[in-house]
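# Examining the three-dimensional arrangement
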Amino acid sequence: MYQLIVFAPLLGAIIAGVAGTRFGSQILSATLSKIITTGLLFLSAILSWVVFMGVGFGDSPDQTIQLFRWMEVGDMKADWALKIDTLTAVMLVVVNSVSALVHLYSWGYMSDDKYQPRFFAYLSLFTFAMLMLVTSDNFIQLFFGWEGVGLASYLLIGYYYKKPSANAAAIKAFVTNRVGDVGLALGIMTIFLMFGSVNFDVVFAALEGGADTTLPFLGGEFNAIELIAFLLFIGAMGKSAQFVLHVWLPDAMEGPTPVSALIHAATMVTAGVFLVCRAHPIFELAPFTSGFITTVGAFTALFAASVALVQNDIKRVIAYSTCSQLGYMFFAAGVGAYNAAMFHLFTHAFFKALLFLCAGSVIHALHHEQDMRKMGGIWRKVPWTYGAMIIGTLAITGIGIPGSYTWGFAGFFSKDAIIEAAYSARGSSDAAIFAFWIGITAALMTSFYSWRLIFMTFHGKFRGDQHTLDHAHESPWNMRAPLVLLSLGAIFAGAIFHKYFMKDYGAFWHGALPGVAGDHHAAISNTLYAAAETTASDATYGKYESKGFIDWLLFRPVHGYPFWVLLLPLVASVTGFVIAYFMYIRGSVQAKIDHIRETGGSPLYNFLLNKWYIDELYDATVVRGTRKLGDLFWKVGDVRIIDGLGPNGVAKFASGAAKRVSKFQTGYLYHYAFVMLLGVAFLILVAFRGTTGG
Amino acid sequence: MFQTLSTFLPELFLALSASLLLGFGLSKTNDRSVIVRYISVGVLVVFAFMGYVLDRPDGVSFSGLLFNNDFSDFLKAIIGLSAAAALMLSKNYFQKESLDRYEFSVLTLYAVLGMSIMVSANNLLAMYIGIEMQSLALYILAAFNRDSLRASEAGLKYFVLGALSSGLLLYGASLIYGFTGSLDFETIRASIALTGPTTGIIAGMVFLLCGLAFKISAAPFHMWTPDVYEGSPTPVTGFFAAAPKLAAMAIITRLLIVPFGDIIGQWQQVIVVLAVLSMVVGALGAIMQTNIKRLMAYSSIANMGYALVPLAAGTVAGVQGMLVFMTIYIITVIGVFAIILQMRLRNGMVEQVSDLSGLSKSNPGMAFGLTMLMVSLIGIPPWLGFFGKLFAFVPAVEAGLLWLVVVALVASVISAFYYLRIIKTMWFDEPNREFIRAPRTTRVIAIASILLVIPVLILPGLSGAALGLADSAAQALFAQ
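Residues numbered from 1 in each chain as written. Chains lettered and ligands numbered in written order. Predicted model: local features only at pLDDT ≥ 70, side-chain atom pairs only at ≥ 80, totals over all residues. Heavy atoms only, no water.

- In the nomenclature of an unreviewed UniProt entry, chain B corresponds to NADH-quinone oxidoreductase subunit N from the organism Litorimonas cladophorae.
- Under the UniProt heading Sequence similarities (unreviewed entry), the note attached to chain B is "Belongs to the complex I subunit 2 family."
- Under the UniProt heading Subunit (unreviewed entry), the entry covering chain B gives this text: "NDH-1 is composed of 14 different subunits. Subunits NuoA, H, J, K, L, M, N constitute the membrane sector of the complex." (UniProt positions renumbered as here; feature names shortened; annotations may be inferred.)

- Chain A goes by NADH:ubiquinone oxidoreductase subunit L in an unreviewed UniProt entry, where it is assigned to Litorimonas cladophorae.

This is how it looks when you write it as structure tokens:
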């Protein structure tokens, strides 16, 4: 069954890719290719849920299935294997469910595309690579999957290969990911250097022994475990678009929208989070790197949310939102709440895929218009999409009843879990308290930009041309069905799975993620609840005495936290909604657009609109620097020195000499005879020199 | 007497056949050129295999004038076959140009007879007779199209310069005779062993080598080659490029190994200089050529340079390497000329490289074949040309002539340019004119040659046997 889950998408990819495309002769019709890939994906998805139920709640054992040995070079042994535990099972569910729904959705979205089998083959190929990544039992297979999803991402971003911007975006994504991959590869090599193995179990078992080793790296001595953790995290930063290496993700929106939903929201970009969780024993022993992860994650959450505030492209808003949510997951992992990170990954997959698919539905309805300034007031035309989008927005902004743990949308549970985890860790890590306040701020921004998107798209007056509005239509059933299913996930995923991911972690995770705080970890807790118990017994909150209503409201301990900690995210969220409401429902959107067009916008507005000028900064430093260096090597090193003295120099000499040789060939007989006699004289000289001199 | 007869049988057969055919062709009533050609080809093939069929009748004949051994047998086989191929190639050409005369075939037979004597010569006089017999026939062949100014000029140039080289040769022979008192190779060797390399002997040897270097068109005695190659009728050029080169190379080898085998210190320098000059001149000279026959002339100069490289080593492996290289070169060059002969438009032959442009579109088969041959000439593995160069250069490296091999490799790289230019012209330039369909014989020979240079076909079965033959030939020379 496990093999079937992993290899069904590959089978689909091969069938659709080889038989369905014009790559060979097109044997299968496009429809048949679509049926095969989508069918196999649904099979995979259903089986994934069965596995998830079995491993997470039933009594299916954690196990590793060896398929066959991949490489064996000295001590370097790597298998193709399927490692099945709760962590894998969660990822299987996320990947296959979203992928299956995206396959189905693409039937409608891509219906007027000419090369659909290729598209579906890529999607299935991506799914297979992602499954290889999450089922790996060693770092090498993980790296294979890692690169496989990178390849599929490249192919899909550049799917409209006739569009120069799509090609540029694909290359940008690929190159930026290479930077991260160098880190990951170096990390894996360091692991092999330290422990002589790349197998997860072997490496994690040997970690304690290597805790005090130092390794020289880039001229300095570093703690080996810190170094490994840091290098692995660089890889994760690239794949998960964390600040510094985030630049590719917004541009990746050049790909078709279903791709954005599958790869750049729900699955591939979460691979970095998965890596950190999978390798949590390493990160637990690396307090410095964990602090770094917390800081980077928190900063990314803030940075991306701030940029999303002012973007006008509907997909880019959601892309930055993804970037920001990934920041949340990382700072959760950084403070040691790996289960909170995985929980947010899980719920986020549903509501972010939902948001993207809704955006796709809007774009589809408006003839590929993506600029929100040219939308507005279309909710009557696309009621299903509108409803689903509202649900997605409620989920991402984290609406729910604080303290109840029963009532709330998916994001409410997981995001609050993260913020609370950061709060619990405040005692031992400065990064954690930074992350906590950033988390609250980002939540406010999240709420604002999400509602702004809704208001600009669905409310007010339509700002595009009338013709487009007249032809606006609700999407077909095969696009609506995924929206409905994902809406269910966005509503209930948090409430249902909260207690398993967070509360009964022992029974659910059984060892895949840490249950109790490690001694070496910077954060005081590895789980929210372990921490909560500690905090609850704390003197301050243990002997709570009411000092009036306000005090009761804010400082009453609930689940071991002062109540204001639970309340604050919701307050932030509602505040964001209110601001957005006043700006975009009570105020005129058109007036704002006109104002910005006339004045050019305030400096802060432009700063955010241009994404903090990060791209420009990279262009001025890295890109131009590299290009100059390349120019130097090319124009001076290669052209002048290597070519000039080497091939071209010799060629020039040869052609010059050739002319001279040809000049000798006069055609006159006496010249020829003269040269012959000269030759005789010369050779006699040579022969005698050989006698006397030699 | 009987031994003389048995070892001389191939030459005797050739001489009798040629004379009979000469008489047979003298018919007033009808043109017998076609039938004479077929018979001549048959005679040449029989001649080629006679040595091996008769179980290699080794030994001296005519009181030591000739000495037949494995070395001569091997060379006769190659010479006979390549002459037969060249003769077949000439058929269509001469018919189209209305030049077909039976004398052509007969002259070819006489030339081959001369070569045959050359490769078994064991005496300076026998060697001279062989060379002259061959050369006289070749002079006439060069000017065979006597109504053409170019051909006549080529023949005349060839003749005058050939006479000069004969002079050098005879002068060298007389010097050797004067200082050693003998014309017999083995006696000369014994005499040199006694006296050591005296001035007269060295001078005589250099004169001999210069005379022979003219025959293999090694620089600086190469000047006639481009003019003669260009001026002669194309099948004649094809013939010139193959068999006579091998015969002359063989007699040089024999001279160096047998009479002068003990004074390698004196001749090694000379051979090295000839090799280097030939490779450089051949590689550079061809770059400027636009006529494909002139280009092939420079190519052959360069290839003679390569062939001299292993010879400079003066070892068994060196001689074997030379034989292997020359054999492969001859196979390739016959293929190239078979293709050049297919460059025919409605109104006649063309010879410019630019005429080949766009051949891949107008005649893909021919373009593919010529590409194979060019790639083999460049020496890219796995084509046969690579192995030729490999066998040629390894003995030189082993003999410590590393820098000579480096020069050879640089020359190979430079000459790759003009071979590649031909390939480029065929595949990437716009087609201009279409050649008319080539006759079958020409195509068959081209295809055979192309198949031979693709070594996957001959490596397993043939190469072992062929290498064995070359090896026994080289061994025989040293055993003498």
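Having put the structure on the table, let's press on.
## Some remarks on the overall build of chain B
- Across its full length, chain B holds 19 helices and 4 strands.
- For chain B, the residues scored as buried account for 65% of the 480 residues in total.
- Taking as baseline every contact in chain B between residues at least 6 positions apart, the subset at least 24 positions apart corresponds to 81%.
- When the accessible surface of chain B is totalled, it reaches about 16400 Å², and 69% of it is carbon and sulfur. (Helix = DSSP H or I, 4+ residues; strand = E, 2+ residues; numbered from the N terminus. Buried < 20%, exposed > 50% of the residue type's maximum accessible area, 1.4 Å probe, protein only. Contact = heavy atoms within 4.5 Å. Areas by Shrake-Rupley, 256 points an atom, 1.4 Å probe, with all protein chains shown as cover.)

## Thoughts on the interface of chain A and chain B
- In this complex, chain A contributes 26 residues to the contact, which on the side of chain B involves 34 residues.
- Summed over the three residues of chain A that lose the most area to chain B, namely Q665, M676 and L683 of chain A, the buried surface amounts to 24% of that side.
- Put simply, chain A and chain B have 0 salt bridges between them.
- Counting across the interface, chain A meets chain B through 1 residue pair in polar contact (both at pLDDT 80 or more).
- Among the secondary structure elements, those contributing two or more residues to the side of chain A that touches chain B are α29 (647-664) and α30 (669-693) of chain A.
- For the side of chain A that touches chain B, a count of residues per class yields 18 nonpolar, 6 polar and 2 charged. (Buried area = accessible area lost by both parts, 1.4 Å probe. Salt bridge = Lys/Arg side-chain N within 4 Å of Asp/Glu carboxyl O. Polar contact = N/O pair within 3.5 Å; in protein donor to acceptor, adjacent residues only side chain to side chain. Nonpolar A, V, L, I, M, F, W, Y, C, P; charged D, E, K, R; others polar.)

## With respect to the packing of aromatic side chains
Residues and elements named next belong to chain A.
- Tallied over the entire structure, the rule returns 63 aromatic pairs over all chains.
- For the pair F233 and F292, a centre-to-centre distance of 5.8 Å together with 90 degrees between the ring planes defines the contact as edge-to-face. Pair noted here: F233 is in helix α8 (residues 224-239) and F292 is in helix α13 (residues 287-308), with a separation of 59 residues, a long-range link.
- When its relative accessible area of 0% is taken as the criterion, F233 is described as buried. (Phe/Tyr/Trp six-rings, centres within 6.5 Å; stacked < 30°, edge-to-face > 60°.)

## Topic: the pattern of salt bridges
- For the structure on display, the rule yields 25 salt bridges over all chains.
- Linking R373 of chain A and D371 of chain A is a salt bridge whose minimum nitrogen-to-oxygen distance equals 3.0 Å.
- The class of R373 of chain A is partly exposed, set by a relative accessible area of 34%.
- With a shortest N-O distance of 2.9 Å, R37 of chain B and D100 of chain B are connected by a salt bridge.

## Some details on unusual backbone geometry
Residues and elements named next belong to chain B.
- Across the junction of A219 and P220, the peptide omega takes the value 5 degrees, indicating a cis bond.
- Checked against the element boundaries, P220 lands in the loop between α8 (199-215) and α9 (224-231).
- Unusually for a residue other than glycine, F62 sits at a positive phi of about 50 degrees.
- Topologically, F62 is positioned in the loop between β1 (59-61) and β2 (66-68).
- Despite not being glycine, S217 has its phi angle at roughly 50 degrees, a positive value.
- Its location among the elements puts S217 in the loop between α8 and α9.

## Comments concerning the side chain of S99 of chain A
Residues and elements named next belong to chain A.
- The topology assignment puts S99 in helix α3 (residues 86-109).
- Within the structure, the side chain of S99 is placed 2.8 Å from the side chain of T127, a separation counted as a polar contact.
- Setting aside anything within four residues of it in sequence, one finds S99 in contact with L41, T127 and L262.

## Details of the pairing of strand β2 (residues 76-84) of chain A
Residues and elements named next belong to chain A.
- Among the 9 residues that make up β2, 8 are buried, leaving the element largely enclosed by the rest of the structure.
- Sheet analysis places strand β1 (residues 63-73) next to β2, joined by 9 bridges and oriented antiparallel. Within β2, the residue paired with F68 across the bridge is W80.
- Joining the antiparallel neighbours β1 and β2 is a turn of 2 residues, in which G74 adopts a positive phi near 60 degrees. (Pairing = 2+ DSSP bridges.)

## Let's talk about the layout of surface pockets
Residues and elements named next belong to chain A.
- Of the pockets and cavities examined, the second largest pocket occupies roughly 440 Å³.
- V175, T176, Y618, V622 and V623 are, among the 17 residues lining the second largest pocket, the residues nearest its centre.
- If you list the elements that add at least two residues to the lining of the second largest pocket, you get α6 (164-195), α8 and α28 (614-645).
- Considered class by class, the residues forming the lining of the second largest pocket number 12 nonpolar, 2 polar and 3 charged. (1 Å grid on protein atoms, 1.4 Å probe; cavity = no way out; pocket = protein on both sides within 12 Å on 5 of 7 lines; lining within 4 Å. Points joined across faces, edges and corners; volume = space filled by probe spheres on them.)

## As for the nonpolar core
- One finds L232 and I282 of chain A to be the most contacted residues of the largest nonpolar core, which totals 216 residues.
- Counting residues per element, this core draws most heavily on helix α15 (residues 338-365) of chain A, which supplies 20 residues.
- Of all hydrophobic cores here, the second largest spans 197 residues; its members include M115, V272, L323 and L477 of chain B. (Core = buried A, V, L, I, M, F, W, Y, C linked by side-chain atoms within 4.5 Å.)

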